[in-house]
Amino acid sequence: MALFQISEPGESPAPHEHKRAIGIDLGTTNSLVATVRNSVAEVLPDATGRRLLPSVVHYGARGVVQVGDAAAAQASADPRNTIASVKRLMGRSAKDVGDAIRGRYVLTENDGLLRIETTAGLRTPIEISAEILKALRERAEATLGGEIFGAVITVPAYFDDAQRQATKDAAKLAGLNVLRLLNEPTAAAVAYGLDSLSEGTFVVYDLGGGTFDVSILSLTKGVFEVLATAGDAMLGGDDFDQAIADWARAQLGLRELSAGQERVLLASARRAKEALSSAHSTTLTFNAGNEQRALTMTREQFEALTKALLERTMVPVKRTLRDAKLKAEQVDGVVLVGGSTRMPCVKNTVGVFFQKEPLCTLDPDEVVALGAAAQANTLAGNKSGQDDLLLLDVIPLSLGLEMMGGLVEKIIPRNSTIPISKAQEFTNYKEGQSAMALHVVQGERELVADCRSLARFELRGIPPMVAGAARILVTFQVDADGLLSVSAEERTCGAKSDVIVKPSYGLRDDEIAAMLQASFTQAAADKTARALAEARLEAQQLLDAIAIALGEDSELLNADERAVIDSDMIALQTIRAGDDHHAIVEATKALNAATENFAARRMDKTIARALRGKNVSEIA
Amino acid sequence: MSAAAARALRSNWMQFFALFEIAAKFDINANALAAKFRTLQIESHPDKFASAADSVRRAAQQRSALINDAYKTLRDPVARAAYLIKNTCGADPFDERNTKMPLHFLHAQIELREEIAENCAAGNLQNLAGIAAKLEADQALLRAKITQTIDVNQDCAAAIDDLRQLRFLQKVASEIDDAVERLES
């Protein structure tokens, strides 16, 4: 039948060439991996059935690294070496990081790159994220039975260039082939788009633990186009917990809580919030000193307390509608993403604003990973043309250059569809200027000081010219992952300079290569060490068994035979003390062979003893 | 885009219209433009070449970027008119040295700005929405005028005057958007 399997161009040639492609939601609190099997996107659980992998990494003694629940369990005993919420540190400098995180870990900064002190040494957020990604890759390999062809990794839509670059570097470090970085809301829309396959305009409302973002997308004839995106990086479910905790503190007249008590109060606030998603009232308990205090909270009270927070989420919602030039009633569907959207008040507020019931049939914690898996499957070429979705993402923040006086000249405005390239001409401001410094920034503000600095580089070799005569063409290029590269060229003489924008807050390529090399060497060393330990153990077990046998049955051997065994035993003991596991395995085999006859005679003797005094019929 | 590509782009005037296979006119069908955009991206986007060689992917990225740039230019009336004027008359409609504006237009703008400022101070979102609606109607009138000056009369000087006014109104509209956002938050 193989002769008849002729496929159309663009279709995968044979079904058995299915490539293992995965989607990864690398979250602040939890991470997930999903894949498409039998045309259905599904989250891959670990061996014990857990679907969410807590985004926690623990560096223990002797280089043991744990990820997930095992790592989270170490948080209270070994807080400094247990790194949680590392996503908040990706592509960030020490000054960007909040006091909460600075207080929790020992941070150092070198060449603008943040590192956390751990018992295993200094670790960058990129390396820590790579551990999480590695755990997910291994989970996928174990479940799917082989090497992973490629992965789609999701990032928040508001992630700037430095954060995206850091995420891609982490994936490379984890040994993943990145098919695409995908914006989280786009992934969520894909998951629903595939589900319903209806065309129209969708709003994705994503309220996570610490951040909020909203995107508007249109799906037409298989093309998902992001029309606008906006967000609030300082607003999330945690703020709802804080509102409850503040209320409880006032109600109970609590003052001067210790940091530990504060965390306990926040944890019970969080439980109360979660309970109120299904119940109409709940009891919040708190141990103040020796006294157990309890408070009843109704859903109405909770909703009154958090009304202002919900209203804050509607500001970016309205912004995106204006940017997309749409009215609320023109939206065909609203997708809810993020655990915080389980709160009924979120569903109600969003539903009332858009005058339609929000879509929440898919688990809000899983929807992003499911969409990423679907896109990974498409990019790996596992599907035939018809049901492919093409995703056109946008850059969330404007890209620009520093001009004289610390002002920003925007080159690519936010919400531009990617990939995109833009060239703009500049000139020299001084006569005879031989070089030009370029400072690339990202952000919406007018002043360089208020934007994020992405990279600095220089264009050299400009021939002497009067002011205003040089024609310097600067080209910004953003690829489909949202990553920027910049080049500059003096057009009258052809002097050129290029930069892949990453040095400010990222790892250089050679650093990544060195880390990868180190991890391979490390993996090889680990493997050798394990082989050696196993060989030594096996040798010792054999030596012990022979020593016991000689003690019991030495009369079964003549002097010559005994001498051979004794010398082989001494040889094995000597070799076993060395580091060569191959030699140990060989010596163990030799001793095994030398004692074969002895073992056979002992077997005969045992059988003879067992048979003594029994008649033939009993044996048969 | 390489410098060579940039040069090629300039030499091939009206390339954006050619790329979308439509006549180089100000009056275009927005829905047809959007449909063509999707078709072009389906053919060219680097995601369609995810497993192809690097050189193929780079070429796809360049073409996809060009399509995005063209679409962005053609779908926005101000950018589209500026592109047409640049390529037909060789004039830059937004030359900084040209500050000429009709007096009656400037008077009207001063009044409009005062009205916006008052309503922002009073936090009157409803009035601001009313001003935004009126601005949209004024822009529609200017667009109709530009269709006449460019597509029918091919009068560059008049088109530039109209376009400068249109851009002015577009900026005021986006300033109202920003003001509304500040009032909402």
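Remember, predicted model here, so these are calculated numbers, not experimental data.

Engineer: When you look at helix α4 (residues 54-75) of chain B in this model, what are you seeing that I'm missing?
Structural biologist: An α-helical segment advances 3.6 residues per turn. Residues three or four places apart therefore align on the same side. Helix length check: α4 of chain B (22 residues) gives 31 Å between terminal C-alpha atoms against 32 Å at 1.5 Å per residue, within 8%. Along α4 of chain B, the residues classified as buried are A60, Q61, S64, A65, L66, I67, N68, D69, A70, Y71 and L74 of chain B. Buried residues along α4 of chain B sit in contact with β22 (420-426) of chain A together with α2 (15-19), α3 (30-44) and α5 (77-89) of chain B.

Engineer: What exactly am I supposed to notice about unusual backbone geometry here?
Structural biologist: Only a minority of non-glycine residues have a phi that is not negative, and only a minority of peptide bonds are not trans. Here I418 of chain A and P419 of chain A are connected by a cis peptide whose omega angle stands at 0 degrees. One can find P419 of chain A in the loop between β21 (408-412) and β22. Even without being a glycine, K221 of chain A presents a positive backbone phi close to 45 degrees. Structurally, the position occupied by K221 of chain A is in the loop between β14 (212-220) and β15 (223-232). Accessibility expressed as a C-beta count within 10 Å gives 10 for K221 of chain A, which makes it exposed. Positive phi is not limited to glycine here, since E21 of chain B has a value of about 55 degrees. Tracing the backbone through its elements, the reader meets E21 of chain B in the loop between α2 and α3. In this structure E21 of chain B comes out as exposed when scored by C-beta crowding, with 10 C-beta atoms within 10 Å.

Engineer: Explain the confidence of the model for chain A to me, please; I cannot follow it from the model alone.
Structural biologist: Should the pLDDT be low somewhere, the predicted coordinates at that spot are not to be read in detail. Residue and element names in this part refer to chain A. The predicted model of chain A averages 84 in pLDDT, with 88% of residues at 70 or higher. Between residues 1-16, whose pLDDT stays under 50, and residues either more than four places distant or in other chains, the model counts nine contacts. In the model, residues 615-620 has pLDDT below 50 throughout and makes two contacts with residues more than four positions away in sequence or in other chains.

Engineer: Could you clarify how one ought to interpret the interface of chain B and chain A in this entry?
Structural biologist: Much of the literature gives interface size as the accessible area that the parts lose upon coming together. Contacts between chain B and chain A engage 21 residues on the former and 26 residues on the latter. Residue assignment for the side of chain B that touches chain A shows that the elements contributing at least two residues are α1 (3-11), α3, α4 and α8 (156-184) of chain B. With six residues, the top contributor of residues to the side of chain B that touches chain A is α4 of chain B. A class-by-class count of the residues in the side of chain B that touches chain A yields seven nonpolar, seven polar and seven charged.

How each quantity is defined
Residues numbered from 1 in each chain as written. Chains lettered and ligands numbered in written order. Predicted model: local features only at pLDDT ≥ 70, side-chain atom pairs only at ≥ 80, totals over all residues. Helix = DSSP H or I, 4+ residues; strand = E, 2+ residues; numbered from the N terminus. Expected span 1.5 Å × (residues − 1). Buried ≥ 20, exposed ≤ 12 C-beta atoms within 10 Å, placed from the backbone. Contact = placed C-beta atoms within 7 Å. pLDDT = per-residue confidence, 0-100. Nonpolar A, V, L, I, M, F, W, Y, C, P; charged D, E, K, R; others polar.

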